[in-house]
Amino acid sequence: ALKKADIGIAMGKAGTEVSRDAAAMILTDDNFATIIKAVANGRNVYRNIKNSIQFLLSGNMAGILCVLYTSIKALPLPFAPVHLLFINLLTDSLPAIAIGMEKAEKDLLSEPPRDPKQGILTKDLMTALFLQGGLIAVCTMIAFHIGLSTDSATASSMAFATLTLARLFHGFNCRGRKSLLSLGIGSNLWCVMALFVGVVLMCAVLFVPKLQDVFAAGDLTGSQLLAVVLGALAPTAVIQIYKMMSAGTA
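Right, let's walk through the structure included here. None of the values given here were measured: they were computed from a predicted structure.

So, on to the overall build of the protein. Helix and strand counts for the protein come out as ten helices and two strands. Reading the helices (α) and strands (β) of the protein from amino to carboxyl end gives β-α-β-α-α-α-α-α-α-α-α-α. With respect to the principal axes defined by its C-alpha atoms, the protein has extents near 75 × 45 × 35 Å. For the protein, the proportion of contacts with a sequence separation of at least 24, taken over those separated by at least 6, is 71%. Total accessible area on the protein is roughly 13800 Å²; 70% of this is exposed by carbon and sulfur atoms. For the protein, the distance from the average site of its 20 positive side-chain charges to the average site of its 15 negative ones is 4 Å.

Before going further, it helps to examine the packing of aromatic side chains. By the definition in use, this model includes three aromatic pairs. Residues Phe86 and Phe215 carry aromatic rings whose centres are separated by 5.4 Å and whose planes lie at 80 degrees to one another, so their mutual orientation is edge-to-face. Here Phe215 lies in the loop between helix 9 (209-214) and helix 10 (222-249) and Phe86 lies in helix 3 (residues 81-91), a separation of 129 residues in the sequence. Phe215 matches Phe86 in its accessibility class, with the two residues each being buried. Between Phe160 and Phe215 the ring centres are 6.5 Å apart and the planes differ by 15 degrees, which places this aromatic pair in the stacked class. Of this pair, Phe160 sits in helix 6 (residues 152-173) while Phe215 is found in the loop between helix 9 and helix 10, placing the two residues 55 residues apart along the sequence. On the basis of relative accessible area, Phe160 is assigned to the buried category, the value being 1%. Judged by its relative accessible area of 10%, Phe215 is buried.

This brings us to unusual backbone geometry. Notably, Asp30 is not glycine yet its phi reads approximately 55 degrees, a positive angle. Here Asp30 lies in the loop between strand 2 (25-27) and helix 2 (33-72).

With that settled, consider the state of the cysteines. Enumeration according to the criterion identifies zero disulfides in this entry. Counting only cysteine sulfurs, Cys66 is the nearest neighbor of Cys139, a cysteine outside any disulfide, at a range of 9.7 Å. Unpaired in this structure, Cys191 has its nearest cysteine sulfur neighbour in Cys174, at a distance of 9.4 Å.

Turning our eyes to something else, we now look at the nonpolar core. Among the nonpolar cores identified, the biggest contains 39 residues, and Phe79, Met158, Phe160, Leu163 and Leu165 are the most heavily contacted of them. Elements with a contribution of two residues or more to this core: helix 2, helix 3, helix 4 (93-99), helix 5 (123-148), helix 6, helix 8 (189-207) and helix 10. Examining the composition of this core, we find that eleven residues originate from one element, helix 6, more than from any other. Those residues within four positions of Met158 in sequence are excluded, and the remaining contacts are Ala143, Ile146, Gly147, Leu220, Gln224, Ala227 and Val228.

Looking now at a nonpolar patch on the surface. There is a patch of nonpolar side chains on the surface, built from Ile97, Met101, Ile185, Leu189, Trp190, Val192 and Met193 and spanning about 710 Å² of accessible area. Among the elements that take part in the nonpolar patch, helix 8 stands out by supplying four residues, more than any other. Locating Val192 in the fold gives a position in helix 8. Relative accessible area serves as the criterion here: at 33%, Val192 is assigned to the partly exposed category.

Further remarks concern the side chain of Lys243. By secondary structure assignment, the location of Lys243 is in helix 10. Glu105 is the oppositely charged side chain nearest to the buried, salt-bridge-free Lys243, at an N-O distance of 8.4 Å. Within the structure, the side chain of Lys243 is placed 2.3 Å from the backbone oxygen of Asn173, a separation counted as a polar contact. When near neighbours in sequence (up to four residues on either side) are disregarded, Lys243 contacts Asn173, Gly176, Arg177, Lys178 and Ser179.

In this section: the packing of helix 3 against helix 6. One way to put it is that helix 3 packs onto helix 6 with a least axis distance of 11 Å and a crossing angle of 15 degrees. Between helix 3 and helix 6, the crossing angle belongs to the class labelled roughly parallel. Of the two elements, helix 3 crosses helix 6, and the hand of that crossing is right-handed. Contacts from His83, Phe86, Ile87, Asn88 and Thr91 in helix 3 reach Ser156, Phe160, Leu163, Thr164, Arg167 and Leu168 in helix 6. For the contact of helix 3 with helix 6, the class distribution of residues is five nonpolar, five polar and one charged.

A few words on the environment of Gly147. Relative to the elements of secondary structure, Gly147 occurs in helix 5. C-alpha of Gly147 to C-alpha of Gly231: the two residues are 84 residues apart in sequence and 13 Å apart in space. Among all residues touching Gly147, those that are not within four sequence positions of it are Thr154, Ala155 and Met158.

So, how was this worked out
Residues numbered from 1 in each chain as written. Predicted model: local features only at pLDDT ≥ 70, side-chain atom pairs only at ≥ 80, totals over all residues. Heavy atoms only, no water. Helix = DSSP H or I, 4+ residues; strand = E, 2+ residues; numbered from the N terminus. Contact = heavy atoms within 4.5 Å. Areas by Shrake-Rupley, 256 points an atom, 1.4 Å probe, with all protein chains shown as cover. Lys, Arg positive; Asp, Glu negative; His and termini not counted. Charge placed at Lys NZ, Arg CZ, Asp CG, Glu CD. Phe/Tyr/Trp six-rings, centres within 6.5 Å; stacked < 30°, edge-to-face > 60°. Buried < 20%, exposed > 50% of the residue type's maximum accessible area, 1.4 Å probe, protein only. Disulfide = S-S within 2.5 Å. Core = buried A, V, L, I, M, F, W, Y, C linked by side-chain atoms within 4.5 Å. Patch = residues over 30% accessible without salt bridge, like charges linked within 9 Å, V, L, I, M, F, W, Y side chains within 5 Å. Salt bridge = Lys/Arg side-chain N within 4 Å of Asp/Glu carboxyl O. Polar contact = N/O pair within 3.5 Å; in protein donor to acceptor, adjacent residues only side chain to side chain. Axes fitted to C-alpha atoms, helices over the stretch in contact; angles between N-to-C directions. Parallel < 35°, antiparallel > 145°, perpendicular 65-115°, else oblique. Left-handed = near helix turned anticlockwise from the far one by under 90°. Nonpolar A, V, L, I, M, F, W, Y, C, P; charged D, E, K, R; others polar.

What follows is the structure, encoded as C-alpha cells:
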C-alpha cells in the first residue's frame, strides 16, 4: 500500500523499518499535522522554482527576440557579448534567488493538487514566456531605435540599460499570480534588495569611466535616460494592470 500510494507516509518513531523503507515520506515526529506543513512547503517550493524559471526564460526570450529582430532588419547588434554576460551572471541571478525566497500565500492549500505527470513548461507558462518576453523586447527595441538617432554605441547602451532594468523590474511580476497590490512590495524584501543592487551595478557600468570603457557604454543624455526608465517600467506596468484586471474578473 505504501509503495502504490502517490505519496506513501510512514511513522518515524512507531513505524516499522519495512514501512519506512517503502514510504516516500517519513514523519519523524509521528504527528499528522506535519503532513499539512510538508504539503504547504512542497507546494511553495515548487511554485517558487516555477516562478524563477518563468523569470529567467522570459528575460532570455526578450534578449533572443531583440537580436533576432536586429539581424532580420540588418541593424547593428543591440548587445555586446559583455552586456549579455553582465545581465545573465549579475542582474538575472539576484532576482531569481529572491523569487525563490517568496513566502507561501494564504490560499496555497485551497488549490487542487497538480497532475504529477505534468511538466513545468506547461502551455500556460510557455504562453506567458512569449508574451512577457515579447513585451520586454518591444520596449527594448524602441529604446534602441531612439539611440540610433545618435549613433550605434548610444543605441547599444540604451538597449542594454533598458533590457537590464526591465528584467530587474520583471522579477516583481514573477513573484506570483497576484498583483503587487495584493502581494505587497515589502512582503519579500529580497526582491527589493535585488532590484537595488542590480540598479547600482547598472549605474556603475553607465557612469563610471573605467567600466564605461570595459562595457563600451556611451554617454546618455537626460532625455535618453528617461526613455530607458520609461521603457523598462512599461512591461511591468502592463503586466501588473493585466493581473489586477484578471483578479477583478475572477
